[in-house]
Structure formats: structure tokens, C-alpha cells
Amino acid sequence: MRWRKLGRIFDPARFTLPHRCTEFAQSPQALVFGDFVRIYFSTRSLDANGKYLSHVAFVDIKKNMRDIVAVSGHTVIELGGLGCFDEHGIFPMNVLWRGDSVYGYTCGWSRRVSVPVETAIGLAISRDGGHSFQRIGKGPVLAASSLEPCLVGDPCVRVFGDLYHMWYIFGTGWRRFSAGGAPERTYKIGHAVSSDGVHWTREEARQIVEDRIGPDECQALPSVIQIGRCYHMFFCYRQSHDFRTNRERSYRIGHAQSDDLLSWTRRDDDPGIGVTQGDWDSDMLCYPHVFECEGRVHLLYNGNEFGRHGFGLAVLE
């Protein structure tokens, strides 16, 4: 198998987005309809103090994955209330059909004092075809625990048989890599199961995908699909520090596969996907989402600057 890049398919700078957002279309997540694909993404606005807020919007694209039908003029879910886990943003939101409803598993974030951010996972449900989502409650369905002390987020939920599976990330901690330096985070991919999609049992602090570049590897945005009898997980990984502008330490897309959804073997190079010199994804590949449409497996992903310039598409051959 190999990925064939089809190029960037959405540039947020070319469209009018809600909340006067002009940049960023991060973590694209697909929901397939009868004759089009709706791709949810997180975009950014500035608050009164000039700090970022993350909002979820969407773009509808024909199933040829080239022609844009519409871009939402509204956000699909409001940010959380004062002091809530998603007060300052939602990034990303993983979506799936459940009957006529759409479940949206959100990664909400809020600012902290000693470290920049904390995250947790919420659930919101749409009953109007994915135009708007309502939370099932003000709090999260999965958050920090005694063994996963911080940064629980990036949910990917799939239903196999009668069981919901969630792959997510959990933080192992924050640290300063130099005297006086800003605190940096490290996180790994974990797994939880549920019978109803609301109440979850997790494998506490079990890292399910091995590190490739050492213990300071950060793993993010797992996305799982079944191809034949095998399950495939695509995710992104980077170093814990000096990754924002150093292309050698920034995000790349990894891959692992499993026969039973429990044990995963890392195989980043099969199928591999790399940066394209001189293009919008020359320095970074991040936030992958894999889905099937019209009998083909597609990969959405962000490029340089964590999705500032939109997202692209690749097809599996």
C-alpha cells in the first residue's frame, strides 16, 4: 500500500469563516453523507486580550473530494461556560453516525497558569444532520485520572460489534528542557471501551503504540480504520521540545496495525507519507484522519504551522 497525495483541498484564507476566523483549519474530521462529505475542522479567533480561541466549523465537499459545495457560516457548538473544561476551545471534534444522530466527541481545552493548557474529552450530539451539536452535560466523559494526570484528549471513537472503542491521548507530564524555558508536554496514545458511548473503561496509563524516536516522543490524533481483516491506526508524532520551527523535530505521520484492536505493531513506512519540498506541507505533517468513501480509503491531514494554511488529502493505493 502507498499514499498518493492529492494536494491541499481547503485553504481557510479563501473563505469567510464564523467569528471572524481567518486562519487555521486544524484536525479535519470527515462525516460521509449520501452525495457529499462534510469535513469538520477547528479554526481560531482572538479574544478581547488577543489570545486564541478554537471553534468548530465545517466545509461540504462533493465525493470527488475536489469541489466545495458550502462552508458553514456558523460554529456547530458553542464554547464551554466560565471555568468549564472547554471554555477556551474545542480542538478537535471526532464525529460518527449513530442512527439518525451524529455523535461528536470533543477535545475541550482551557488555559492554566503554571502550564499553558489542560484538556479533557466531552460528548455532544446532533439531531439535525450535523449542523449543530448539544452537549450531554457541562463536564467531560473522560478526563485526567490518578494514573493519567493531565492532557486527556484527541478522541477517535469507532464502534466494532456492540462495543465502542476510543483511542485518545494522555499526558505523562510537563517539564522544562532548559533553565528558564517554557514547560513542554509529553503524551501517548491510550485506549478505552464503552457499551453506551458515554461511560468509559480505560486501560489506565497503558501506552498502546511504541515510541520510535525515544521516550520524549509525543503521539497525537489517533485515527483508526478497518481494511480487510486488519485494523490500521494513523497518528502524528514529534519530539517534546524544539518542534515548532525545527522541521527535523516537528510532526510526521505514523502508522500501526492490529489484528485484535488490543496489540499494535508500529509500521510507519508501510504505507508511508512524507513532506513535499517547497509546498504547504514541506516542514510538517500532522493531525491525520482516515476514512472510507466511494470504496476508497482517504487520509485528511494538516501541513506546516499546525494547520494554519488548511488541510490536504491523500488516497490509499
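See above for the structure.
Now for a description of the structure that goes with this document. Remember, predicted model here, so these are calculated numbers, not experimental data.

## Quick word on the sheet that holds strand β1 (residues 3-10)
The antiparallel open sheet is built from 4 strands, whose spatial order is β1-β20-β19-β18. Edge positions in the sheet fall to β1 and β18 (286-293), since each of these pairs with one other strand and no more. Taken pair by pair, the neighbouring strands of this sheet meet at an average axis angle of 25 degrees, ignoring direction. Examined bridge by bridge, strand β19 (residues 296-302) and strand β20 (residues 311-316) share 5 bridges and lie antiparallel to one another. Counted as the bridge partner of His298 is Val315 from β20.

## Observations regarding the environment of Arg14
With respect to the secondary-structure elements, Arg14 resides in the loop between β1 and β2 (23-32). Expressed as a C-alpha distance, the spacing of Arg14 and Trp174, which sit 160 residues apart in the sequence, is 37 Å.

## What to know about the nonpolar core
Counting residues in each nonpolar core, the largest one holds 31 residues, and the members touching the most others are Trp167, Met233, Tyr251, Trp264 and Tyr287. Counting only elements with at least two residues in this core, the list comes to β10 (150-160), β11 (163-175), β12 (184-194), β14 (217-227), β15 (230-239) and β18. Top contributing element to this core by residue count: β15, with 5 residues. With residues near it in sequence (within four places) discarded, Trp264 still touches Trp167, Ile208, Val224, Tyr231, His232, Met233, Ala256, Gln257 and Ser258. Core analysis: the second largest hydrophobic core is formed by 18 residues, Ile61, Met65, Phe291 and Leu313 among them.

Conventions used here
Residues numbered from 1 in each chain as written. Predicted model: local features only at pLDDT ≥ 70, side-chain atom pairs only at ≥ 80, totals over all residues. Heavy atoms only, no water. Pairing = 2+ DSSP bridges. Helix = DSSP H or I, 4+ residues; strand = E, 2+ residues; numbered from the N terminus. Axes fitted to C-alpha atoms, helices over the stretch in contact; angles between N-to-C directions. Core = buried A, V, L, I, M, F, W, Y, C linked by side-chain atoms within 4.5 Å. Buried < 20%, exposed > 50% of the residue type's maximum accessible area, 1.4 Å probe, protein only. Contact = heavy atoms within 4.5 Å.

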